[in-house]
Amino acid sequence: MNFELLTTGLVFVFGTAIGSFLNVLIWRLPREQSVSIGRSRCTKCKHNLFARDLIPLLSYLISAGRCRYCNQQIAWRYPVIELVTGSLFAVSYWLLLPQDWLMWLVLAKTCFIIAVLVAVFVIDFEHYLILDRVVLPATILIFLANFGFDWLFQNQLSNGLAVAGLLGAVAGFLPFYLLWRFSAGRWMGFGDAKLGLFLGASLGFPLVWLSYLLAFFIGTITAIPLIIFGKKQLSSHLPFGTFLAVSAVVVLWFGPELISWYFHLIGVR
């Protein structure tokens, strides 16, 4: 147990570091800035930031949430993204508790999917955008990982994972593509369809449809209070990618259990 607690802490710290990198992506990509060129800078005074300014969570706490160079308030979302990413990684570790290198690879894939979903959640929430530069390379990597798992671990873990991912990608893409196509973009954006490719490749079929069901449910219970209190109208757009990201994490963790629970609820055994 002590080893597992220590490892959970290490996974959490690693997750906060990934969250710090996601902060760079989330800031730069919607503004069409290069991720690989240039040091991180204060968004207010543009001063270059150094290693001691970029320690996940700690730098924010030590500086009391202010830039050391201009004393302006640092947006709270930066440490929140680090904290959330670290927490999601730690929970993923605790749910899997890998005991061999095979399961560590599964954990690595799970954490990669979660990192992409965190970026999708924030970018869509802030900019109403699902970026090709995020979801398409991530989808290709998941396809490669699926094929790699099937090749390396036949009859051990991932029998048919590549096929399930391909079927999932088709099942994830088509519903949103058809909604986008026949509504001329009024009901659904094409970015959601491309996100469906990633979700389908990651979750497989039929779990990708379970994530859609949960996303519509989450979107509905979120939208109703906003409409009632006049914050949104029925014709208003909502960042559906944020709901998809949340539902995908839930399904990634508990998808088979949720399906079993539902079948038991309706009396199917």
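Coordinates for the structure precede this section.
**Some details on a nonpolar patch on the surface**
- Among the surface-exposed residues, Val91, Leu95, Phe121, Phe125, Val246, Val250 and Phe254 lie close enough to one another that they form a single nonpolar patch of about 550 Å² accessible area.
- Elements that contribute at least two residues to the nonpolar patch include exactly α3 (77-96), α4 (101-127) and α9 (240-265).
- Residue contributions to the nonpolar patch peak at 3 residues, all from α9.
- Here Val250 falls in the partly exposed class, since its relative accessible area comes to 31%.

**Details of unusual backbone geometry**
- Following Phe205, the chain continues into Pro206 via a peptide bond in cis, with omega recorded as 10°.
- In this structure, Ala64 takes a positive phi of about 55° despite not being glycine.
- Despite not being glycine, Tyr128 has its phi angle at roughly 55°, a positive value.
- As for its placement among the helices and strands, Tyr128 is situated in the loop between α4 and α5 (132-152).
- Its relative accessible area of 42% is what places Tyr128 among the partly exposed residues.

**Section: the environment of Ala90**
- Along the chain, Ala90 falls in helix α3.
- Expressed as a C-alpha distance, the spacing of Ala90 and Met103, which sit 13 residues apart in the sequence, is 15 Å.
- If we ignore the near neighbours within four places in the chain, the residues touching Ala90 are Thr8, Val11 and Phe12.

**A closer look at the pattern of salt bridges**
- Inspection of every chain in the model, using the stated rule, returns 3 salt bridges.
- The residue Asp53 makes a salt bridge to Arg68 at a minimum N-O spacing of 2.6 Å. With a gap of 15 residues between them, Asp53 in the loop between α1 (2-28) and α2 (58-62) and Arg68 in the loop between α2 and α3 connect regions that are remote in the sequence.
- Note on Asp53: relative accessible area 17%, which makes it buried.

Parameters at a glance
Each residue is numbered by its place in its chain's sequence as written, counting from 1. Under the rules for a predicted model, residues below a pLDDT of 70 receive no local features and side-chain atom pairs below 80 are neither given nor counted, while totals for whole chains, interfaces and linings still include all residues. Working from all heavy atoms in the structure, the side-chain values ignore hydrogens and water. Residues qualify for a patch when their relative accessible area is over 30% and they have no salt bridge, like charges being joined within 9 Å and the nonpolar side chains of Val, Leu, Ile, Met, Phe, Trp and Tyr within 5 Å. Note that accessible areas follow from Shrake-Rupley with a 1.4 Å probe, and for residues the cover is restricted to the protein chains shown. Salt bridges are defined as contacts in which a side-chain nitrogen from Lys or Arg sits within 4 Å of a carboxyl oxygen from Asp or Glu. Numbering of helices and strands starts at the N terminus; helices are DSSP runs of H or I of at least 4 residues and strands are runs of E of at least 2. For each residue, the accessible area found with a 1.4 Å probe, counting protein chains only, is set against the maximum for its type, and the residue is called buried under 20%, exposed over 50%, and partly exposed in between. Contacts were defined at the residue level, with two residues in contact if any of their heavy atoms lie within 4.5 Å.

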